[in-house]
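Tertiary structure, described
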Amino acid sequence: MSETSVSSKISSAASPMAKVVMGISRWFNSLPQAIAVAVVILTVLTGWEAIVRFGDVPIIILPSPLNVGEELLIVISQLAPGGFLAGELWITIQEVIIGFGIAVVAGFIIGLWVGQTKFGQKAIMPLFVALEATPKIAFAPVFIAWFGFGITSKYVLAAFMSIFPVIIGTAAGLVATSEDELKLFKSMKAKAWDVFWKLKMRRALPFIFAGLKIAIVAALTGAIAAEFIGGGIGFGEQIRLASTRLALDRVFALILVLSLLGIVLFSLVAWVQRRVTFWDTPNHRIAGKGKKKNLLVVGR
Amino acid sequence: MNSPNATESTVRYRIDDVSHTFPGTDIEALKNVSLDIEPGSFISFIGPSGCGKSTLLNAMAGLLEPSHGEVMMNGISIDGPPDGVGIMFQKATLLPWRTTIENVLLPIELRDGVRAAKDHLDAAKAIIYTVGLAGFENAYPGELSGGMAQRAAICRMLITQPNVLLLDEPFGALDELTRERMDLELQSIASSRHATVVLVTHSIPEAVFLSDTVYAMSARPGRILEVITVDLPRPRTMNTLNMPEFAKYVGLVRTALNRGHGINE
């Protein structure tokens, strides 16, 4: 018996079972993304609910999704305009926006300096890259000690957490311009400002935005961490309070709201990125300011 | 005062005993290269990769100062990019965030500002039309094919009305058929503008097809091995490619290049 006939025997023997598996797998693969995501979430929630319900897990250890859902309704009602959670959330949002704003402005300036000077590239950049790799959150108590328990320490920690991706993105982006492009501008006798503004800066934007997307999430992390440690105000304080009285269903509900905030902030930055660096996305012919849609077919 | 004017009419470029060693290395790119280029002539530098032909072109573009010798344009020594020169590279080097017409207008914008660029909109459209890119003025480079992108680069080179064109393997990345068509267009652009053209290429047929004079260069350090004057009627057409004389010149250039590298036939 030759090898090929053996292998074909095996595959045909396994075929009814294999066909069912392949059929199911094909069905899953063909699901639209939104439905596929919903399937996964539903599966996880059902499993979670089942474990809590049939495993007799106490609610103070792990609340079931239904417990969390009930608590979430309460949280949402407290988030309504004028509700006391709305005020706390607003404080946290302010911390994130101001901290992120400081990081963007300061990070960009430092990134310019680091990226455009030989000294900065040689001596400063490696240190920033090393710092980016450290668990920066460990500095939180230091900032509380320096800036107190008020809101200032929250701004500063949010800024500190988010500044490094901005610096690194800016510095790396500004050296991303190709030799050919620099030669082209030089041959056209471009002024130094034009080389910077009309070439290097544009080339840097995708890198800067990559940094900003990391930074906005880091700013949120920094603000919450500062609220945990520095206490007194904000959404982080609410989470801390709920956990001290073992109201884990409330903790989960608050985390859900916080996650949503993170997603919204990230999406905002991503949205601006798509508008500004539309030319950097693979399908920019569609995103390209809606100009000349009829070219879609002709392109390549 | 008489010498610059006297050379003006007969010599566009004078390359006088130019040698170049890259700073900080002992890599000799060029050695004792001398030649004159007449106004309105089309010349090619051909040779293997690394023979210094791009270095020579960069020196002529004022992008590089040779370590020895002098490059003069219209009797004046070149330091920095001279006026009236258009340049093209192997890559189109279009800025992806600018539309075709914004890319074409870039040299005007950088020289005279945004308002001047706006005043040249019609001129830009006219050039874009002549190279067959009509309808693509507002397309972004990502929407253009390789050949179309090079056409846009041609437009960008021509917008300042240069009388000297320096071309560094401009169609080297294109397929054979597209390249032949682009060569035809380049010929008509050069002749209609009476431009002096310097082409760097590693395609022997392309060099012969386009040039009045072909300079065959040796491997590093680049020296001029032989000067081949191509005496084929103009305008040259696709039929020129099939002429026995064309084949003869291609053979001459190939022999010169091979002899320079110790290969005998």
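Residues numbered from 1 in each chain as written. Chains lettered and ligands numbered in written order. Predicted model: local features only at pLDDT ≥ 70, side-chain atom pairs only at ≥ 80, totals over all residues.

With that out of the way, let us pick up the overall build of chain B. Scanning chain B for helices and strands turns up 10 helices and 10 strands. The C-alpha atoms of chain B give a radius of gyration of 19 Å, which matches the 18 Å a tight globule of 265 residues would have. Its C-alpha atoms give chain B principal-axis dimensions of roughly 55 × 45 × 40 Å. A total of 265 residues make up chain B; the buried ones form 43% of that total. (Helix = DSSP H or I, 4+ residues; strand = E, 2+ residues; numbered from the N terminus. Rg over C-alpha atoms; globule rule 2.2 N^0.38 Å. Buried ≥ 20, exposed ≤ 12 C-beta atoms within 10 Å, placed from the backbone.)

Bringing unusual backbone geometry into the picture now. Across residues other than glycine, the phi torsion is negative in most instances, and most of the peptide bonds are trans. Residue Pro-221 of chain B is bonded to the preceding Arg-220 of chain B through a cis peptide linkage, with omega at -5°. Mapped onto the fold, Pro-221 of chain B is located in the loop between strand E9 (213-217) and strand E10 (224-229). A cis amide bond, omega -5°, links Arg-234 of chain B with the succeeding residue Pro-235 of chain B. With respect to the secondary-structure elements, Pro-235 of chain B resides in the loop between E10 and helix H10 (244-260). Positive phi, close to 55°, is recorded for Asp-56 of chain A, a residue that is not glycine. Locating Asp-56 of chain A in the fold gives a position in the loop between helix H2 (33-54) and helix H3 (65-79). Positive phi outside glycine occurs at His-194 of chain B, with the angle close to 50°. Tracing the backbone through its elements, the reader meets His-194 of chain B in the loop between helix H8 (176-192) and strand E8 (196-201). Residue His-194 of chain B is classed as exposed on the basis of its 9 C-beta neighbours within 10 Å.

This part takes up the environment of Gly-222 of chain A. Residues and elements named next belong to chain A. Topologically, Gly-222 is positioned in helix H9 (residues 192-230). We classify Gly-222 as buried; it has 31 C-beta atoms within 10 Å. In sequence terms Gly-222 and Val-166 are 56 residues apart; their C-alpha atoms lie 15 Å from each other.

Turning next to the sheet that holds strand E5 (residues 76-77) of chain B. Either a parallel or an antiparallel arrangement is found when strands of a sheet pair, and the pairing is made through backbone hydrogen bonds. Residues and elements named next belong to chain B. The 4 strands lie next to each other as E2-E1-E4-E5, forming an open sheet whose pairing is antiparallel. Only two strands of the sheet have a single partner each, and these edge strands are strand E2 (28-37) and E5. Two strands pair when backbone bridges link them, and strand E1 (residues 13-21) and strand E4 (residues 68-73) are joined in this way by 5 bridges, in the antiparallel orientation. By the bridge assignment, Asp-16 is partnered in E4 with Glu-70. This element, helix H2 (residues 53-60), spans E1, E2 and E4 of the sheet and lies at about 55° to E2. (Pairing = 2+ DSSP bridges. Contact = placed C-beta atoms within 7 Å. Axes fitted to C-alpha atoms, helices over the stretch in contact; angles between N-to-C directions.)

With that settled, the discussion passes to the sheet that holds strand E7 (residues 164-168) of chain B. Residues and elements named next belong to chain B. If you trace the 6 strands from one edge of the open sheet to the other, you get E6-E7-E8-E3-E9-E10, paired in mixed fashion. At either end of the open sheet lies a strand with only one pairing partner, and these are strand E6 (85-88) and E10. Each strand of the sheet is rotated relative to its neighbour by a mean of 15°, with strand direction disregarded. Sheet contacts for H2: strand E3 (42-46), E7, E8 and E9; angle to E8, the most-contacted strand, approximately 150°. Sitting on the sheet, H10 is in contact with E3, E9 and E10, with an inclination near 170° to E10.

All names here are of chain B. With 6 bridges connecting them, E1 and E2 associate as antiparallel partners. Each bridged residue has a counterpart across the sheet, and for Thr-21 the counterpart in E2 is Glu-28. Remark: 6 residues form the turn of the hairpin made by E1 and E2, two consecutive strands paired antiparallel; Gly-24 in that turn has positive phi of roughly 80°.

Moving on, we come to the packing of helix H7 (residues 151-174) of chain A against H9 of chain A. Angle between the axes and distance between the axes are the two parameters that describe a pair of packed helices. Residue and element names in this part refer to chain A. The N-to-C vectors of H7 and H9 enclose an angle of 160°; their axes lie 6 Å apart at closest approach. By the criterion of interaxial angle, the relationship of H7 to H9 is roughly antiparallel. For the crossing formed where H7 meets H9, the hand is right-handed. Its residues assigned to classes, the contact of H7 with H9 shows 24 nonpolar, 9 polar and 4 charged. (Parallel < 35°, antiparallel > 145°, perpendicular 65-115°, else oblique. Left-handed = near helix turned anticlockwise from the far one by under 90°. Nonpolar A, V, L, I, M, F, W, Y, C, P; charged D, E, K, R; others polar.)

Time to look at the domain arrangement of chain A. Where interface size is quoted, it is often the accessible area lost as the parts come together. Assigned domains within chain A: domain 1 (3-54) and domain 2 (73-280). Taking the mean C-alpha position of each, domain 1 of chain A and domain 2 of chain A sit 40 Å from one another. (Domains from an automatic or database assignment.)

This next bit is on H2 of chain A. Helix length check: H2 of chain A, at 22 residues, gives a terminal C-alpha distance of 31 Å against a target of 32 Å (1.5 Å per residue), a fit within 8%. The buried count for H2 of chain A comes to 0 of 22 residues, which makes it a mostly uncovered element. (Expected span 1.5 Å × (residues − 1).)

Moving on, we get to the environment of Asp-249 of chain A. Residues and elements named next belong to chain A. Residue position: Asp-249 is located in helix H11 (residues 248-276). Expressed as a C-alpha distance, the spacing of Asp-249 and Arg-275, which sit 26 residues apart in the sequence, is 39 Å. Filtering out sequence-adjacent residues up to four positions away, Asp-249 remains in contact with Ile-59, Pro-63, Asn-67, Val-68 and Glu-71.

Here we take up the packing of helix H4 (residues 84-116) of chain A against H9 of chain A. All names here are of chain A. Between H4 and H9, whose axes approach to 9 Å, the crossing angle comes to 130°. As the angle between them shows, H4 and H9 are arranged oblique. The interaxial crossing formed by H4 with H9 has right-handed handedness. Here Thr-92, Glu-95, Val-96, Gly-99, Phe-100, Ala-103 and Val-104 of H4 come into contact with H9, specifically with Leu-212, Ala-215, Ile-216, Ala-219, Leu-220, Gly-222, Ala-223 and Glu-227. Tallied by class, the residues present in the contact of H4 with H9 amount to 10 nonpolar, 3 polar and 2 charged.

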